[in-house]
Amino acid sequence: MDNKVMARLDEAVSSGALVRVHRSGIRDADRLDGFVVGTSAAWTLIALCSDVQLDGWAAVRTADISKVRWRGGEDSLTVRALRRRGLWPARAPQPELALDGLAELAEGASGAFGLVSVHVERHAPDACWIGEVAAVRPKSLRLREVDPDARWQPKPSKFRFKHVTRLGFGGRYERTLLEFAGPNR
């Protein structure tokens, strides 16, 4: 991890600035726009922002972050709109999630929000799997998936920690899937 990048992440957290996070080593990785609301040596948490509204959180591996670029100060339309709506400065989800390891992060996010999206961008850059964390093992997690029609899948899928590059939760899409899928039975 570049010390300059870590310093920019820390500055983004303390300033509440709208940023774009670039990641390296992941072919065609999405650049993420939002507000950095937490960071550790392992994971960085971003309150995602698009179309002047917040849309859940993304946790990305801190080591994958190559650049943090400012997208607008306190006078930008996005910040002014969010401030007027009482949504700025952006905040980390409550209860606070542990960012030191994927197991704790995934279990905490799934417990608080119901569904998480798991991204293994090095192997499948255009895909994600959405579901609830069914189990955590020493080197992997099991995800009870919900399909795009909001139906629970019968068997959990396995994801090795070393392959997971991003974890999303609390967004409009995940909330809509959970609304229609209902609790896992």
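Use the structure listed above.
Please read these numbers as outputs of a predicted model, since none were measured by experiment.

A closer look at the side chain of Asp147
For Asp147, the location among the structural elements is in the loop between strand 8 (140-145) and strand 9 (157-160). Polar contacts involving the side chain of Asp147 include one to the side chain of Gln153, which spans 3.1 Å. When neighbours within four sequence positions are excluded, Asp147 is seen to be in contact with Gln153 and Leu177.

Re the packing of aromatic side chains
One pass over the full model with this rule turns up four aromatic pairs. Considering the side-chain rings of Trp57 and Phe169, the 6.0 Å spacing of their centres and the 20° angle between planes classify their relative orientation as stacked. Of this pair, Trp57 sits in strand 4 (residues 53-61) while Phe169 sits in strand 10 (residues 166-169); the two residues are 112 residues apart in sequence, bridging distant segments of the chain. We classify Phe169 as buried; its relative accessible area is 1%.

Concerning the nonpolar core
One finds Phe35, Val116 and Leu167 to be the most contacted residues of the largest nonpolar core, which totals 32 residues. Here the element with the most residues in this core is helix 3 (residues 102-113); it accounts for five residues. The contact partners of Leu167, leaving out residues within four places of it in the chain, are Trp57, Ala58, Ala59, Leu102, Leu105, Ala106, Val116, Ser117 and Val118. Counting residues in hydrophobic clusters, the runner-up holds 14 residues, among them Val5, Val19, Val60 and Ile65.

Focus on the sheet that holds strand 3 (residues 43-50)
Within a sheet, each strand pairs with its neighbour through backbone hydrogen bonds, oriented either parallel or antiparallel. Overall, antiparallel pairing links the 10 strands, which are arranged 5-1-2-3-4-10-6-7-8-9 in an open sheet. Two strands close off the open sheet at either side, each with one partner strand: strand 5 (65-72) and strand 9. For this sheet the average axis-to-axis angle between neighbouring strands, irrespective of direction, equals 45°. In the sheet, strand 6 (residues 116-119) pairs with strand 7 (residues 129-136) via three bridges, with the strands oriented antiparallel.

As for unusual backbone geometry
In this structure, the amide linkage connecting Trp88 to the following residue, Pro89, adopts the cis form with an omega of 0°. Looking at where Pro89 falls in the secondary structure, it is placed in the loop between helix 2 (77-84) and helix 3. A positive phi angle is found at Asp28, which is not glycine, with a value near 60°. One can find Asp28 in the loop between strand 1 (18-23) and strand 2 (32-39). Phi at Ala150 takes a positive value of approximately 65°, unusual for a residue other than glycine. Along the polypeptide, Ala150 turns up in the loop between strand 8 and strand 9.

What counts, and at which threshold
- Residues numbered from 1 in each chain as written.
- Predicted model: local features only at pLDDT ≥ 70, side-chain atom pairs only at ≥ 80, totals over all residues.
- Heavy atoms only, no water.
- Helix = DSSP H or I, 4+ residues; strand = E, 2+ residues; numbered from the N terminus.
- Polar contact = N/O pair within 3.5 Å; in protein donor to acceptor, adjacent residues only side chain to side chain.
- Contact = heavy atoms within 4.5 Å.
- Phe/Tyr/Trp six-rings, centres within 6.5 Å; stacked < 30°, edge-to-face > 60°.
- Buried < 20%, exposed > 50% of the residue type's maximum accessible area, 1.4 Å probe, protein only.
- Core = buried A, V, L, I, M, F, W, Y, C linked by side-chain atoms within 4.5 Å.
- Pairing = 2+ DSSP bridges.
- Axes fitted to C-alpha atoms, helices over the stretch in contact; angles between N-to-C directions.

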